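Tertiary structure, described
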Amino acid sequence: MSELSGLRIRQLRVSFDGFKAVDGVDLDVQPGDLRFLIGPNGAGKTTLVDAVTGLVKAEGSVLFGDEELLGRSVHKIARSGIGRTFQTATVFEELTVLQNLDIAAGAGRGMLTMLRRRKDVPESVARALETVGLAELADSPAGTLAHGQKQWLEIGMLLVQDVRLLLLDEPVAGMSHDERQATGELLERISEERTVVVIEHDMDFMRSFARSVSVLHAGKVLSEGTVAEVQADRRVQEVYLGHAAAGDVLDTAAAPAAVQEA
Amino acid sequence: MTDSRMPLLTRIPLVKGHSARARAGFAAAAVALFGLAPLALSDFRLGLLAKYLCTAMVAVGICLAWGRGGLLTLGQGVFFGLGGYAMAMHLKIADAGPGNLPDFMQLYGTATELPWWWQPFANPLFALAATVLLPMLVAALLGSFIFRRRVKGAYFAILSQALTAAFAIWLIGQQATTGGTNGLTDIQGFFGYDLNDPVNQRMVYFVIAAALLLLMALARQLIHSRYGELLVAVRDSEERVRFLGYDPANVKLVAYVVAAGMAGLAGALFVPAVGIISPAMIGIVPSIEFVIGAAVGGRASLVGAVLGAIGVAWAKTALSEEFPAAWTYFQGLLFIVALAFLPGGLASLVGMVRRRRAARASEEPSPALPVGEAA
């Protein structure tokens, strides 16, 4: 495992035909943090992740450790140790769980290894199978997995890819309570060795597992801090006014509304 | 939960059993091609089979590029043609003898010596290497341009078609140096052997049969390698592969270039088998025919694609002998029916039957299996 690195975003701007989806975001994620990005729909959370991973063009600066990421192609950013998942789990449905993980582990493989058959299970793959709890399903086609299992497989793919920064887009959407709990514990374990950023609408989940929180609104960072600090921030309460009558969506009572939205 | 999943695990064939079955399949194919076919078929029919096997060699490449890589290669005629012309040019020079021009150049041309780009093909080694390497080189140049620009799907297919048409039209325009519409015809010898001798025709057939088995073994290795798994991943979700740190353009390029090399070798061996190569054999229609064979047999299955190619080529001969006008319509219909109702081709029927049988066999011990099957 290489050493932990943090993410340092400065004046990040993304616009689509004049619409500023991300409008001057400054964001620091400490090495080994488990950061949650929250905010109403359209706040620019996913676009921010898209910009960091090279999927959309952006202005400003995104430093991961000492490396500038902006301007690099998607696969090169991935090779610098940054991995992401999508709102809808995208695994290779026709390949087995094992094959999915093996491919994720292999971006650095040489020509000769690629042209040979996979003889055994690489150690990193075996470890990831255990970590995400899919060891028994290793030979099942990924398309037969349940929704939550696909999300875990995706996280497992990021682990074997040995990314140092995980960007997860609503990893617990559609999961049962138990699955959420398991996912949260998994993320806590992962963040001991890697930096994790989670986009989430599920406030219960956020409260249970976030080490720090950034609230995005209209393409800008509205508030940042611990869960308690963010919860106490008046501006955050105002932003969420439209969503919850009480004005404090971060309170337990309002959580179901947020879940539905996700 | 675990219980209901277990049958899925056992359903997936172990690598060991898999390769034993493949070895038996190769042995059976070798017996059929080298033993049964020469005994059972007349010289004329064996010659036709040699021609079909060349089509099957193209299908091996299509299976890799289209079946596994999702690249609808509707322009394999270009590479088939490059291989074929490279071979035919050498054979024409050899037929003419040292110092003489090939016959058609004396008829149509005004040149007194070989055009500069013909001259290297006088060397048999250069010509042989060129039959495979030239198509691969062209595919590498085209492919790196096409895939880096992220040209995909139907656009890729249309572009391939257009290139094929352009190549055929260019050949037709160069009457004095390529034989124009006639192509390079009336090829007599093959590296010193007289092609009019039936014994030598048989030898050409054996060379083609061996080459087909070799290409199938090569494709099988690629399909079952890590690269083969990655290729399927790129086919199914290119964007996802990019986020894993691979450049999908390179992954597709390899399949495209290998398929081109296979088509080139097929074109090269087609020439001694048939004695001619012409623009009509490499244009749009033949390019589509290459794909139809693979589609009907099963593009993702090596054996399916090969048998499909041989079957469709055979049907074309048989049916166009009887009903010359109807063949084209029948062929179009076959393509549409295969793609619409049986996208996996005839090969997918085998899998369906096997799965149904497996489901029935394990129905009693584990009634939960059909659920897993449906998923």
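Residues numbered from 1 in each chain as written. Chains lettered and ligands numbered in written order. Predicted model: local features only at pLDDT ≥ 70, side-chain atom pairs only at ≥ 80, totals over all residues.

Looking at an unreviewed UniProt entry, chain A carries the name Urea ABC transporter ATP-binding protein UrtD, with the source organism given as Streptomyces ureilyticus.

1. Considering the overall build of chain B
Test applied: A run of DSSP states H or I qualifies as a helix once it reaches four residues; a run of E qualifies as a strand once it reaches two. Both are numbered from the N-terminal end. In this description the radius of gyration comes from C-alpha coordinates, and the expected globular size is given by 2.2 Å times residues to the power 0.38. Any two residues are considered in contact once their C-beta atoms, placed from the backbone, lie within 7 Å.
Counting its regular elements, chain B contains 17 helices and two strands. The C-alpha radius of gyration computed for chain B amounts to 22 Å, which stays within 12% of the reference 21 Å derived for 375 residues, consistent with globular compactness. For chain B, the C-alpha atoms occupy an extent of roughly 80 × 50 × 40 Å along the three principal directions. At a minimum sequence separation of 6, the contacts of chain B that also span at least 24 residues come to 79%.

2. So, helix α12 (residues 248–274) of chain B
All names here are of chain B. Rule in force here: Here, expected helix span is obtained from the residue count minus one, scaled by 1.5 Å. Neighbour counting defines burial: a residue surrounded by 20 or more other C-beta atoms within 10 Å of its own C-beta is buried, one with 12 or fewer is exposed, and intermediate counts give partly exposed, using backbone-placed C-beta atoms.
Between its first and last C-alpha, α12 extends 39 Å over 27 residues, near the 39 Å set by a 1.5 Å rise per residue. α12 sits mainly inside the fold: 24 of its 27 residues count as buried. Just downstream of α12, glycine 275 is the residue with a positive phi angle, here 85°.

3. Notes on the pairing of strand β10 (residues 220–225) of chain A
Residue and element names in this part refer to chain A. Quick reminder of the rule: Should DSSP find at least two bridges between two strands, the strands are taken to pair.
For strand β9 (residues 212–217) and β10, the ladder comprises five bridges, and the chain directions are antiparallel. The partner of valine 213 across the bridge, within β10, is glycine 225. Turn length for the β9-β10 hairpin, with the two strands adjacent in sequence and antiparallel, is two residues, and the turn residue alanine 218 shows positive phi of about 50°.

4. Overview of the sheet that holds β9 of chain A
Residue and element names in this part refer to chain A. Rules: Inter-axis angles, ranging from 0 to 180 degrees, are taken between N-to-C directions of lines fitted to C-alpha atoms, where helices are fitted over the stretch in contact.
Strand order in the open sheet made by the six strands is β6-β7-β8-β3-β9-β10, with mixed pairing throughout. Each having just a single partner strand, β6 (82–84) and β10 make up the two edges of the open sheet. Taken pair by pair, the neighbouring strands of this sheet meet at an average axis angle of 20°, ignoring direction. Of the pairings in the sheet, the one linking β6 to strand β7 (residues 165–169) comprises three bridges and is parallel in character. Across the sheet, residue isoleucine 82 finds its bridge partner in β7, namely leucine 165. Along the sheet face, helix α1 (residues 45–52) touches β3 (34–38), β6, β7, β8 (195–199) and β9 and points at about 145° away from the line of β7. Along the sheet, helix α7 (residues 177–190) contacts β3, β7 and β8; its crossing angle with β8, the most-contacted strand, is approximately 150°.

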